[in-house]
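The residues making up each chain are set out below.
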Amino acid sequence: MHIVDSTKGPLVGSGRLNRIMPFAVTTVLGMAVAVPFASWTRPGLAVPACLLMAAAIIGSIVIPWHRIARTAQLAPAFAILAATLVLTHGTGQAAHSPFTALIVMPLMWLALYENRIAVLVAAGLTGLALGLTPSSGLTEPAGNGDLSIFVLVVTCVGMGITLHGLVADARQLALSLRVHHAALEHMSLHDPLTDLPNRRAFAAESRVARDHAEHDSRPFSVLYIDLDHFKELNDTLGHDVGDVLLREVADRLRALVRSTDTVARLGGDEFAVLVEGSGPAHAVQLAERIETALRVPYVAAPDVPMSASVGIAHSADAGTEPDAVLSAADTSMFTRKRERHRTQRTDEQSEKVDEYS
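These lines cover the structure that appears in this document, whether it is placed above or below. Every chain is numbered on its own, with residues counted from 1 as its sequence reads. Note on the predicted model: pLDDT of at least 70 is required for a residue's local features to be given, and 80 or more for side-chain atom pairs to be given and counted; whole-chain, interface and lining totals, by contrast, use all residues. For the side-chain quantities, the full set of heavy atoms in the structure was used; hydrogens and water were omitted.

1. Let's talk about the nonpolar core
The nonpolar side chains of a soluble globular protein tend to be buried with one another. As used here, the term nonpolar core means buried Ala, Val, Leu, Ile, Met, Phe, Trp, Tyr and Cys residues forming a set that is joined through side-chain atoms within 4.5 Å. For the exposure calls, accessible area comes from a 1.4 Å probe over protein chains only, and a residue counts as buried if that area is under 20% of its type's maximum, exposed if over 50%, partly exposed in between. By size, the foremost hydrophobic cluster in this structure holds 26 residues, and its most contacted members are Leu223, Ile225, Leu227, Leu245, Val273 and Ile290. Secondary structure elements are defined from DSSP: runs of H or I of at least 4 residues count as helices, runs of E of at least 2 residues count as strands, and each element is numbered from the N terminus. For this core, the secondary-structure elements that each account for two or more residues are strand 1 (220–228), helix 8 (230–237), helix 9 (239–256), strand 3 (270–276), helix 10 (280–293) and strand 4 (307–314). Once residues within four sequence positions are removed from consideration, Ile290 is found in contact with Leu223, Ile225, Leu253, Leu256, Val273 and Val310. Judged by nonpolar contacts, the second largest core, of 19 residues, contains Val12, Phe23, Leu74 and Val119. Any two residues whose heavy atoms approach within 4.5 Å at even a single point are treated as in contact.

2. Section: the pairing of strand 4
Most of strand 4 is tucked away: seven of the eight residues are buried. Strand pairing is defined by DSSP finding a minimum of two bridges between the two strands. Pairing analysis gives eight bridges linking strand 1 to strand 4, with the strands arranged antiparallel. Bridge assignment links Ile225 to a residue of strand 4, and that residue is Val310.

3. Some thoughts on the pairing of strand 1
Buried residues dominate strand 1, accounting for nine of its nine residues. Alternating residues of strand 1 divide into Phe220, Val222, Tyr224, Asp226 and Asp228 and Ser221, Leu223, Ile225 and Leu227, and every residue in both groups is buried. Examined bridge by bridge, strand 1 and strand 3 share seven bridges and lie antiparallel to one another. In the strand pairing of strand 3, Ser221 is matched with Val275.

4. Points about the sheet that holds strand 4
Read from one edge of the open sheet, four strands run 2-3-1-4, paired in antiparallel fashion. Since the sheet does not close on itself, it has two edges, and those belong to strand 2 (262–267) and strand 4, each with one partner. Within the sheet, the average angular offset between the axes of one strand and its neighbour, ignoring direction, is 25°. Running at roughly 20° to strand 3, helix 7 (residues 199–216) makes contact with strand 1, strand 2 and strand 3 of the sheet. Contacts from helix 10 reach strand 1, strand 3 and strand 4 within the one sheet, and its direction differs from that of strand 4 by about 170°. Helix axes use the C-alpha atoms of the stretch in contact, all axes being lines fitted to C-alpha atoms, and the angles between their N-to-C directions lie in the range 0 to 180 degrees.

5. Quick notes on the environment of Pro22
Topologically, Pro22 is positioned in helix 1 (residues 16–37). Residues Pro22 and Met105, 83 residues apart in the sequence, show an inter-C-alpha distance of 10.0 Å.

6. Quick word on the side chain of Asp228
Mapped onto the elements of the fold, Asp228 is located in strand 1. Exposure remark for Asp228: the relative accessible area of 4% places this residue in the buried category. Polar contact criterion, stated in full: a pair of N or O atoms within 3.5 Å, where within protein one must be able to donate a hydrogen and the other to accept it, and residues adjacent in sequence count only if both atoms are side-chain atoms. Separated by 2.8 Å, the side chains of Asp228 and Ser307 make a polar contact.

7. Focus: the environment of Gly268
Following the sequence through the fold, Gly268 ends up in the loop between strand 2 and strand 3. Its relative accessible area of 41% is what places Gly268 among the partly exposed residues. Sequence spacing of Gly268 and Leu246 is 22 residues, and the spatial spacing of their C-alpha atoms is 8.9 Å.

8. Here we look at the packing of helix 3 (residues 74–91) against helix 5 (residues 116–132)
Packing of helix 3 against helix 5 leaves a shortest axis separation of 10 Å and a crossing angle of 15°. The pairing of helix 3 with helix 5 is recorded here as roughly parallel in orientation. The element helix 3 and its partner helix 5 pack so that their crossing is right-handed. Listed contacts from helix 5 to Leu74, Phe78, Leu81, Leu85, Thr88 and His89 of helix 3 are Ala118, Ala122, Thr126, Ala129, Leu130 and Leu132. Residue classes follow a fixed rule: Ala, Val, Leu, Ile, Met, Phe, Trp, Tyr, Cys and Pro count as nonpolar, while Asp, Glu, Lys and Arg count as charged, and any other residue, Gly among them, counts as polar. Of the residues contributing to the contact of helix 3 with helix 5, the split by class is nine nonpolar, three polar and no charged. Angular relationships are summarised with four words: roughly parallel below 35 degrees, roughly antiparallel beyond 145, roughly perpendicular across 65 to 115, and oblique for the angles in between. Two helices crossing with the near one rotated counterclockwise from the far one by less than a right angle form a left-handed crossing, whereas a clockwise rotation gives a right-handed crossing.

9. Observations concerning helix 8
Taken together, the buried positions of helix 8 are occupied by Phe230, Leu233 and Asn234. The buried residues of helix 8 all sit within an arc of 100° when viewed along its axis, so they share a single face. The outward face of helix 8, more than 90 degrees from its buried face, is lined by the exposed residues Lys231, Asp235 and Thr236. Of the surrounding elements, those touching the buried residues of helix 8 are strand 1 and helix 9. Just downstream of helix 8, Gly238 is the residue with a positive phi angle, here 100°. By construction, the arc corresponds to the directions joining the helix axis to the C-beta atoms.

10. Focus: the packing of aromatic side chains
Both the distance between ring centres and the angle between the ring planes are used here to describe each pair of aromatic rings. Each Phe, Tyr or Trp ring, with Trp reduced to its six-membered ring, pairs with another whose centre is within 6.5 Å; inter-plane angles below 30 degrees give stacked pairs, above 60 give edge-to-face pairs, and intermediate values give tilted ones. Following the criterion strictly, the structure yields one aromatic pair and no others. Arranged with centres 5.6 Å apart and planes meeting at 40°, the rings of Trp40 and Phe99 form a pair that is tilted. Of this pair, Trp40 sits in the loop between helix 1 and helix 2 (46–62) while Phe99 sits in the loop between helix 3 and helix 4 (104–113), placing them 59 residues apart in sequence. On the basis of relative accessibility, which here comes to 29%, the residue Trp40 falls in the partly exposed class.

11. Topic: the pattern of salt bridges
When a carboxyl oxygen of Asp or Glu lies within 4 Å of a side-chain nitrogen of Lys or Arg, that pair is called a salt bridge. Counting across every chain of the model gives ten salt bridges. In this structure, the salt-bridge partner of Asp191 is Arg265, at a minimum N-O distance of 3.1 Å. With Asp191 in the loop between helix 6 (144–189) and helix 7 and Arg265 in strand 2, this pair connects stretches of sequence that are 74 residues apart. On the accessibility criterion, Asp191 (11% relative accessible area) is buried.

12. Re the packing of helix 8 against helix 9
Across the interface, helix 8 lies against helix 9 with an axial gap of 7 Å and an inter-helix angle of 135°. Looking at the two axes, helix 8 sits oblique to helix 9. Contacts from Phe230, Leu233, Asn234 and Leu237 in helix 8 reach His239, Val241, Gly242, Leu245 and Leu246 in helix 9. Partitioning the contact of helix 8 with helix 9 into residue classes produces six nonpolar, three polar and no charged.

Structure, rendered in structure tokens:
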């Protein structure tokens, strides 16, 4: 999974050492075995090539590749390939050199993390370089050297393309799994009707607000919103109209709050707003704007008068525990609703007395 899920490149992100170390260790071991058994016809090439090989391996581990363009991640693989070809050239044995097997490593690196063109170009250059390597006079049947080079290059190309296809499929599967996981996580934290955060997400945000209040002395407020007479509207006009109206309520609430505030649907016709970093005065003003905005006629039911009751709780009064603040806001909302109903009944009774008199 470390290999196939490297969407930002093999040298970037968490687990990068798990992706790099198998190549680095294998290459180092291959060098350690090949160097003592190499017969050098051009010894002046050995030291520069070994230094290039070491620089490529060390650079792949220590360089901050996340600050470098993705295409630059080809550099270590091509550097290792170039160093291997120079060492092979130094032995004068072409395909029979002990370093030839190391050519597979950078080609596999390119196959894993890049595209087929990189593999084909690298393999083609490798075949050309091996073909141009002068022979040191090693006795062998005519044509066997060229045939060995051809077989090696074809094998590397076939392995590279096959491996690239397998890894590409696995990477696509990993990407698909991440997309589905993100969708499931979104569904678990959001209300399917309004796409607002649900009660679970609101509780998580409230815990973050609690931590800010306790460690950074940042107060927060919770507004608990309940639509008045929504049940009657559902019974009269149907649940489809009620759903459309709830979506309108959600849109209005989103438009009223700041980007740092959290609006959530707790269930049914109940909503909540978490307001961080402001005092009680701001929460009271927001509650008044919400009550005003939710009284405006709705497209879903333009002839049905609607209103909402908003309760307020502050962390300075109710404490910083999320459940306690939400419960206090809920209690405040019911108090507000009873007061409004009492005022409405008083007004209705006064109107009747005026009619009789």
